[in-house]
Amino acid sequence: MATTLDTPGTTTLDQALRALRAWQREGTTLQLHPGDLGWKERAGNGTAAAVLRSWRHDDGTLAAVGMLDAPDLLRLALDPRILTDETLAQQILTDLDDPDRGILPAGTASLETPNGAVLHDLALADGWAAGESWTPLRRDLAAPVEDAGLRVEVAGGADVSVRTAVHRASFPGSTFTDEAWRVMAAGPAYADGRCLVGFDGDGTAVAAATVWSAGPGRPGLLEPVGVHHEHRRRGCGRAISLACAQVLRELGSSSAIVCTPTANVPAVETYRSAGFVAEEQRLDATRPGSVAP
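Residues numbered from 1 in each chain as written. Predicted model: local features only at pLDDT ≥ 70, side-chain atom pairs only at ≥ 80, totals over all residues. Heavy atoms only, no water.

*Asks:* Give me the lowdown on the overall build of the protein chain, citing residues and values where you can.
*Replies:* Helix and strand counts for the protein chain stand at nine helices and 13 strands. Relative to the globule expectation of 19 Å for 293 residues, the C-alpha radius of gyration of the protein chain, 19 Å, shows essentially globular dimensions. C-alpha atoms of the protein chain, sized along the principal axes, occupy 60 × 35 × 35 Å. Expressed as a percentage of the 293 residues in the protein chain, the buried residues total 52%. Sequence separation of 24 or more characterises 72% of the internal contacts of the protein chain that already satisfy a separation of 6 or more. (Helix = DSSP H or I, 4+ residues; strand = E, 2+ residues; numbered from the N terminus. Rg over C-alpha atoms; globule rule 2.2 N^0.38 Å. Buried < 20%, exposed > 50% of the residue type's maximum accessible area, 1.4 Å probe, protein only. Contact = heavy atoms within 4.5 Å.)

Okay, structure coming up:
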């Protein structure tokens, strides 16, 4: 079946979210999730829709959906049924190497694909190099999740300021404000999202996270997860991760998934301590140098 690149702006955010939800399945590798688009929405002004890039079959169905996480970084999800479709992969790679297609600029750029995608292999064969390594982790939610050890509340309304303050204290340079939260929460993806804040025994907010369901029976995502810099190394990361798993289970998710740079060993170990199991590492593909248009 022939596949073509959509003109940017053709695929709506709702269309992309529907496809990404359908592509989240147990037994498949972690890839771009509806929650990733939801978190992108915090920048406002239709940011998530503006950075979408998608490919369609000639019958109009979506075959691949990408999100430009940066001008030179495309995070790509594919219909799991066609991960090994070489014709589609070659078409996408050709489009990526042509700056006039409006996806990646000439020169150095990076591509994220799910493990098992033949597109990654074709990119390496075409001169791209293995890039940053990421570790996906997953916790099955068939059984109840143990107590988190923190008092955890779902943020909204008057306590949004607490949620955003903990995030800024967890990630230096963050610009996640109350207004950014409101913009994100008004977006279509947040209908399946929840923001959590964890409090210690003294009532101090020590950790925060956002979880995103893809619908009942599908994997739910943790993105982002942060611990206030003044409260690290006290088990708060494990506790808020457990709370995330509990909430996703309540939302009907089949598993809780998260992905972190492999080099961030403390984060990997924190998720493991909360019952998450590390899966096969995923490598980005990086295109070096310049590419002729």
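What follows continues from the structure just given.
*Asks:* I'd like a description of the packing of aromatic side chains, backed by residues and values.
*Replies:* Taken as a whole and judged by the stated rule, the model has four aromatic pairs. Relative to F176, the ring of W39 lies with its centre 4.9 Å away and its plane at 65°, an arrangement referred to as edge-to-face. Note that W39 is positioned in helix α2 (residues 34-40) and F176 in the loop between α6 (160-170) and α7 (178-185), a separation of 137 residues in sequence. Taken individually, W39 and F176 each receive the classification buried, so the pair is uniform in this respect. Clustering of aromatic rings is evident, with ring pairs tying together W181, Y190 and W212. Over the face of the ring belonging to F199 we find R151, whose NZ or CZ atom lies 4.3 Å from the ring centre. (Phe/Tyr/Trp six-rings, centres within 6.5 Å; stacked < 30°, edge-to-face > 60°. Lys NZ or Arg CZ within 6 Å of the ring centre and 35° of its normal.)

*Asks:* Mind laying out α6, listing which residues take part and the relevant values?
*Replies:* Buried residues of α6: V160, R163, T164, V166, H167, A169 and S170, and no others. The secondary structure elements touched by the buried residues of α6 are α2, α7, β8 (193-199), β9 (205-212) and β10 (220-227).

*Asks:* Before we move on, could you go through the packing of helix α8 (residues 236-250) against helix α9 (residues 265-273) and cite the residues and values that matter?
*Replies:* Angle between the axes and distance between the axes are the two parameters that describe a pair of packed helices. At a closest axis distance of 8 Å, the pairing of α8 and α9 adopts a crossing angle of 55°. With respect to α9, the axis of α8 lies oblique. Two packed elements cross with a definite hand, and for α8 against α9 that hand is right-handed. Contact residues: α8 offers G237, R238 and S241, while α9 offers T270, Y271 and S273. Grouping the amino acids of the contact of α8 with α9 by side-chain chemistry returns one nonpolar, four polar and one charged. (Axes fitted to C-alpha atoms, helices over the stretch in contact; angles between N-to-C directions. Parallel < 35°, antiparallel > 145°, perpendicular 65-115°, else oblique. Left-handed = near helix turned anticlockwise from the far one by under 90°. Nonpolar A, V, L, I, M, F, W, Y, C, P; charged D, E, K, R; others polar.)

*Asks:* Go over the pattern of salt bridges with me, naming the residues and quoting the values.
*Replies:* When the charged atoms of two side chains lie near each other, side chains of opposite charge can form a pair. Evaluation of the coordinates by the stated rule reveals 17 salt bridges. One salt bridge in this structure joins D6 and R56, with 2.7 Å as the shortest N-O distance. Of this pair, D6 sits in the loop between β1 (3-5) and α1 (13-23) while R56 sits in strand β2 (residues 52-57), and the two are 50 residues apart along the sequence. For the pair formed by D6 and R56, the shared burial category is buried. Between R238 and E146 there is a salt bridge; the shortest N-O distance is 4.0 Å. Of this pair, R238 sits in helix α8 while E146 sits in the loop between β6 (129-140) and β7 (151-154); the two residues are 92 residues apart in sequence, bridging distant segments of the chain. Judged by relative accessible area, R238 falls into the partly exposed class, the value being 34%. Taken together, the shared-partner salt bridges connect D36, K40, D69, R75, E112 and R282 into one network. (Salt bridge = Lys/Arg side-chain N within 4 Å of Asp/Glu carboxyl O.)

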